[in-house]
Amino acid sequence: AFLIPYVIALVFEGIPIFHVELAIGQRLRKGSVGVWTAISPYLSGVGLGCVTLSFLISLYYNTIVAWVLWYLLNSFQHPLPWSSCPPDLNRTGFVEECQGSSAVSYFWYRQTLNITADINDSGSIQWWLLICLAASWAVVYMCVIRGIETTGKVIYFTALFPYLVLTIFLIRGLTLPGATKGLIYLFTPNMHILQNPRVWLDAATQIFFSLSLAFGGHIAFASYNSPRNDCQKDAVVIALVNSMTSLYASIAVFSVLGFKATNDYEHCLDRNILSLINEFDFPEQSISRDDYPAVLMHLNATWPKRVAQLPLKACLLEDFLDKSASGPGLAFIVFTETVLHMPGAPVWAVLFFGMLFTLGLSTMFGTVEAVITPLLDVGVLPRWVPKEALTGLVCLVCFLSATCFTLQSGNYWLEIFDNFAASLNLLMLAFLEVVGVVYVYGMKRFCDDIAWMTGRRPSPYWRLTWRVVSPLLLLTIFVAYIILLFWKPLSYKAWNPKYELFPSRQEKLYPGWVRAACVLLSLLPVLWVPVAALAQLLTRRRWTWRDRDARPDTDMRLDTDTRPDTDTRPDTDTR
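None of the values given here were measured: they were computed from a predicted structure.

## Here's the deal with a nonpolar patch on the surface
Phase 1 of the analysis: A cluster of nonpolar side chains, Ile4, Ile8, Phe12, Met191 and Trp200, forms an exposed patch at the surface whose accessible area comes to about 440 Å².
Phase 2 of the analysis: Inspection of the secondary structure puts Trp200 in helix H9 (residues 197–211).
Phase 3 of the analysis: By relative accessible area, Trp200 is classed as partly exposed at 35%.

## Section: unusual backbone geometry
Phase 1 of the analysis: Across the junction of His78 and Pro79, the peptide omega takes the value 0°, indicating a cis bond.
Phase 2 of the analysis: Note that Pro79 resides in the loop between helix H3 (44–74) and helix H4 (96–100).
Phase 3 of the analysis: Its identity is not glycine, yet Ser212 carries a phi of approximately 55°, on the positive side.
Phase 4 of the analysis: Among the structural elements, Ser212 can be located in the loop between H9 and helix H10 (217–222).
Phase 5 of the analysis: Phi at Asp281 takes a positive value of approximately 55°, unusual for a residue other than glycine.
Phase 6 of the analysis: Here Asp281 shows up in the loop between helix H11 (231–280) and helix H12 (292–302).
Phase 7 of the analysis: A relative accessible area of 67% places Asp281 in the exposed class.

## A look at the state of the cysteines
Phase 1 of the analysis: This model, assessed by the stated rule, comprises two disulfides.
Phase 2 of the analysis: Linked covalently through their sulfurs, Cys85 and Cys98 form a disulfide whose S-S length is 1.9 Å. The disulfide joining Cys85 to Cys98 has a torsion of about -80° about its S-S bond and is therefore left-handed. Highlighted residues: Cys85 in the loop between H3 and H4 and Cys98 in helix H4, separated in sequence by 13 residues.
Phase 3 of the analysis: Cys85 sits in the buried class, given a relative accessible area of 17%.

## What to know about the nonpolar core
Phase 1 of the analysis: Membership of the largest hydrophobic core comes to 140 residues, with the highest contact counts inside it found for Ile24, Ile39, Trp137, Phe353, Ile416 and Phe446.
Phase 2 of the analysis: Ranked by residue count, the leading element in this core is helix H18 (residues 410–454), at 24 residues.
Phase 3 of the analysis: Leaving out residues up to four positions away in the same chain, Phe446 has contacts with Val20, Ala23, Ile24, Val437, Tyr441 and Trp466.
Phase 4 of the analysis: Judged by nonpolar contacts, the second largest core, of 17 residues, contains Leu299, Val307, Cys315 and Phe320.

## Some thoughts on the environment of Cys85
Phase 1 of the analysis: For the pair Cys85 and Val104, spaced 19 residues apart in the sequence, the C-alpha separation amounts to 8.5 Å.
Phase 2 of the analysis: For Cys85, the contacting residues outside a window of four places in its chain are Phe94, Cys98, Gln99 and Ala103.

Cut-offs used in this document
Residues numbered from 1 in each chain as written. Predicted model: local features only at pLDDT ≥ 70, side-chain atom pairs only at ≥ 80, totals over all residues. Heavy atoms only, no water. Patch = residues over 30% accessible without salt bridge, like charges linked within 9 Å, V, L, I, M, F, W, Y side chains within 5 Å. Areas by Shrake-Rupley, 256 points an atom, 1.4 Å probe, with all protein chains shown as cover. Salt bridge = Lys/Arg side-chain N within 4 Å of Asp/Glu carboxyl O. Helix = DSSP H or I, 4+ residues; strand = E, 2+ residues; numbered from the N terminus. Buried < 20%, exposed > 50% of the residue type's maximum accessible area, 1.4 Å probe, protein only. Disulfide = S-S within 2.5 Å. Core = buried A, V, L, I, M, F, W, Y, C linked by side-chain atoms within 4.5 Å. Contact = heavy atoms within 4.5 Å.

Below, the structure written as C-alpha cells:
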C-alpha cells in the first residue's frame, strides 16, 4: 500500500523539484548559497538553510555509517557475535538481559550502543563507536578531498557494488522457503492502511531522502555540468532509476524477510505443538504443523480448561510479516537475525554490511559536497588556501560535532535529529525553492533557460506542477505534519531491562529541555531565511539613508552656486 502514495508523491513532488534543482544549478553554475543569492539577495537564507541542513544530516547519517562499519568488522568471524547470548559473570548461565530479549537485540542495544535507560542519563563515550566514526569520516575525506574530481572516480564502485550484492541477495532470497509469502505481502495493497494519514506523510517525506531533495547537493553537482546538458532528461531518468532501484531492493529484502517470518511462524507452531504434546501425553511428532489447527480446535472443544492454562501463542504468518522494522532496526536487528538462519552466515553478513557501507558513503559524498561548494562560493577562507584544507576542516568539525552520538544516549539523540532536524526543514526549504524559482526568478525566464539548455521548452506537466501542484502539496504535507506533531506528545522509546514489559521498549515523554532542543532543531535551518532577508533589508535601508544624508549637501552646493545654468553645460565656444 505504501507504493501508491509513494508513486503519487514521486510524480507530483519528487521529479518536479528534482528538475528545478538540476536546472537552476546548471544555469547559474553556483552552489546553493550562490544560486539563491543570484536569484534574489532576500532568498540567500534558503541556500544557508540548505547548507545548515546538510551539515546536521551529515552528522547523524555518518554515525549510522559508523555503526555499519562496526557490524562489518564484527562479521569477519564464525560464529557471528550476535548469534548467541554471552555467559554471565559466574559462567553458570547467560546474561539475564540477553535471555529476556534476544542475542541480536542484546548485541545491538548493549554491546554496540551500550544504551542508557533514559535520555537524561548521557553516559560515557563508547570508544569503539568513536573509532568507527573517526574511520568513517576519514574515508569520506579521502573520497571528497578534491571534490568531484575524486568523488567521480569512487562513485563507480559505490554505485555499482550495491547492485551486485542486491542481485546476489535476490537470487539467494528467492530460493529460501517463505520468499513468495514475503513478496505477496509486499505487493498486496492493504487499502485500510491508506486511510492512515501517517502513511501518506511518510511516503511524501521519503521522497526527499530517496532523491536527496532540498539538501543543496544536486545544485552543487549540477553546477559542474555542461551548460547545454539535458537536465530534464537527467531528472526523469535518475528519479525513475532511483525508484526502480528501491523497488528492486525491496524485492530482495522482502524475499529474505518472508523467509524470516516463515521461520518464526514455524517455530511458534513448534512451541505450541510441544506444549500440547507434553500436556496431553501425545507421542512425539504425532502432531504436524498442518494438523495443528484441527487438533487445537478438537482439544478446545473437549478439554477447554486444560488448553486455556497452556502458554499457547497466536501464530499468524501475517503478524510476523507485520513485525518488519524500518530504519536502523531493519538493518541491525531484523536483517542480522535473518542472516543467522542462512547457511554461511558470516559471508552474507559481510556482503550485507559491505553494501550498506558503500551506500552510506555514496550518500555522504553529496551531503558533504552540499556544504563545501557553497562555502567555496562564499569565500569563507582566503583564495590561497587549498580546497583540500577546507574539506579537511569541514570533516573535522563534523566529526567533533558528531561525537555526541557515540555517548550511551546517542541513539536517542540520533532519532531526534532524524525526526526534527530533517523532515520539517526539508519540506519548508523545498517549498521555498519552488516558489523562489517560479514566482521570484520567474516562470517565463526559467522556461527560457531550460529551452536554451535543452533545446525544448517545458511541457504543461512541468509548468503546472511547478506553479500549482508541488507548492500546494508541500504546504499541505507541512501543515499535516505540524498537526500530527502537536496531536501526540513528544515521546521516545527507551531500552530499559527493568521495564515490566521488557523486551518491549518503554515509551517515555521527552523532558522539557529536550523538547526545547527539538524545537530548535526544527527551526534552525529555516531561521536563516527570515534572518538573511532582514539583514538584506537593513543593509539596503542603510545605503538608502546614506544616500539621503548625502543629497542635502549636494543640493546646498547647487543652490549656492551663482553661475548660470548654461555654465554647467559643456563648453561649445569655438573661439
